[in-house]
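Geometric and topological summary
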Amino acid sequence: MAERLFFAIPVGISHQMALIKHQTHLGDIGRVVPSTHFHLTLAFLGQVTHAQKQALLQRWQDLTVPELHLTLDRYLHFERAGVVCLGCSDTPIALNRLAQQLRRDAARHGLHAHRAPFRPHVTLFRNVHGAIELPEPNPVTLPLNEVQLVRSYREMGKLVYSPLMRWRNVS
Ligand code: 2AM
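Residues numbered from 1 in each chain as written. Predicted model: local features only at pLDDT ≥ 70, side-chain atom pairs only at ≥ 80, totals over all residues.

Helix and strand counts for the protein stand at three helices and ten strands. Relative to the compact-globule value of 16 Å for 171 residues, the protein shows a C-alpha radius of gyration of 16 Å, a close match. Across its three principal directions, the C-alpha atoms of the protein cover 45 × 40 × 30 Å. When each of the 171 residues of the protein is scored for burial, the buried share is 27%. Residue pairs in contact within the protein that sit at least 24 positions apart in sequence constitute 78% of those at least 6 positions apart. (Helix = DSSP H or I, 4+ residues; strand = E, 2+ residues; numbered from the N terminus. Rg over C-alpha atoms; globule rule 2.2 N^0.38 Å. Buried ≥ 20, exposed ≤ 12 C-beta atoms within 10 Å, placed from the backbone. Contact = placed C-beta atoms within 7 Å.)

Looking at the element boundaries, valine 65 is found in the loop between helix H2 (50-59) and strand E4 (68-72). For the pair formed by valine 65 and leucine 144, sequence separation is 79 residues and the distance between their alpha carbons is 7.8 Å. Setting aside residues no more than four positions away along its own chain, valine 65 makes contact with Leu144, Glu146, Val147, Trp167, Arg168 and Asn169.

A few words now on the site of the ligand. Residues in close proximity to the ligand include Phe6, Thr41, Phe44, His121, Thr123 and Ser152, which together make up its full environment. Mapped by element, the contributors of at least two residues to the shell around the ligand are strand E3 (39-48) and strand E7 (121-126). A per-class count over the shell around the ligand returns two nonpolar, four polar and no charged. (Near = placed C-beta within 6 Å. Nonpolar A, V, L, I, M, F, W, Y, C, P; charged D, E, K, R; others polar.)

Between its first and last C-alpha atoms helix H1 (residues 13-26) spans 20 Å; for 14 residues at 1.5 Å apiece the expected length is 20 Å, and the two agree. Two residues or fewer after H1 comes glycine 27, characterised by a positive phi angle close to 80°. (Expected span 1.5 Å × (residues − 1).)

Let's shift gears to the pairing of strand E8 (residues 140-144). Burial along E8 is one-sided: Val140, Leu142 and Leu144 are buried, while Thr141 and Pro143, pointing the other way, are not. In terms of strand pairing, E4 meets E8 through five bridges, oriented antiparallel. Pairing of threonine 71 across the sheet is with threonine 141, part of E8. (Pairing = 2+ DSSP bridges.)

In this section: the environment of leucine 26. Checked against the element boundaries, leucine 26 lands in helix H1. Assessed through the 20 C-beta atoms surrounding it within 10 Å, leucine 26 is described here as buried. A C-alpha to C-alpha distance of 7.8 Å links leucine 26 and leucine 134, two positions 108 residues apart in sequence.

Let us now look at the nonpolar core. Core analysis: the biggest nonpolar cluster contains 39 residues, and Phe7, Leu42, Ala43, Leu86, Val122 and Leu124 have the highest contact counts within it. With residues near it in sequence (within four places) discarded, alanine 43 still touches Phe6, Phe7, Ala99, Leu102, Arg103 and Ala106. (Core = buried A, V, L, I, M, F, W, Y, C linked by C-beta atoms within 7 Å.)

For the protein, per-residue confidence averages 96 on the pLDDT scale, and 99% of positions sit at 70 or higher. For this predicted complex, the interface confidence score (ipTM) comes to 0.95, while the overall pTM stands at 0.96. (pLDDT = per-residue confidence, 0-100.)

Two strands pair when backbone bridges link them, and strand E1 (residues 3-10) and E3 are joined in this way by eight bridges, in the antiparallel orientation. When the bridges of E3 are listed, arginine 4 appears paired with glutamine 47. As paired strands, E1 and strand E9 (residues 146-155) are joined by five bridges and run antiparallel to one another. Across the sheet, phenylalanine 7 pairs through a bridge with leucine 149, a residue of E9.

The following block contains the structure:
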């Protein structure tokens, strides 16, 4: 059976707190993403079969997680998706390289092919309808300590994100 998988950078508790403040600051603009669901997606894989997962895990066994910090310093409103996120104006080159590597490997194995460029962000609200004005945010700086391969599924109607694998840097 296929699983819905994606690669993400997790958001630790102290940074979750900072992001909750952003949600409070923005107010009632859509459906609030629960803080335990905060993540920064590097590559969405879609439905992955067991054979595809095995092949990719072999490919990624030596995946290197670069040491870097990522400053989230602007609100983004992706109108078609109906989401508001905290994103960054300056993507670190090493982060872009990592996301492109994961996306390329996934596409080569017949998985989701991303057409849009990588724009790092943490989604704060879903179901945001219509045009909204967004202020300048207080920046949040996330350290990149860990990358996770996450499975998403529904249990009793509730969305669950379950990390299957973790890759850490040496810091
Ligand atoms: P995002 O909220 O960071 O944009 C798990 O489903 C995550 O994968 C979502 O939170 C979303 O990340 C991303 N995702 C889901 N569907 C996607 C798609 N079709 N293309 C790109 N990313 C997607």
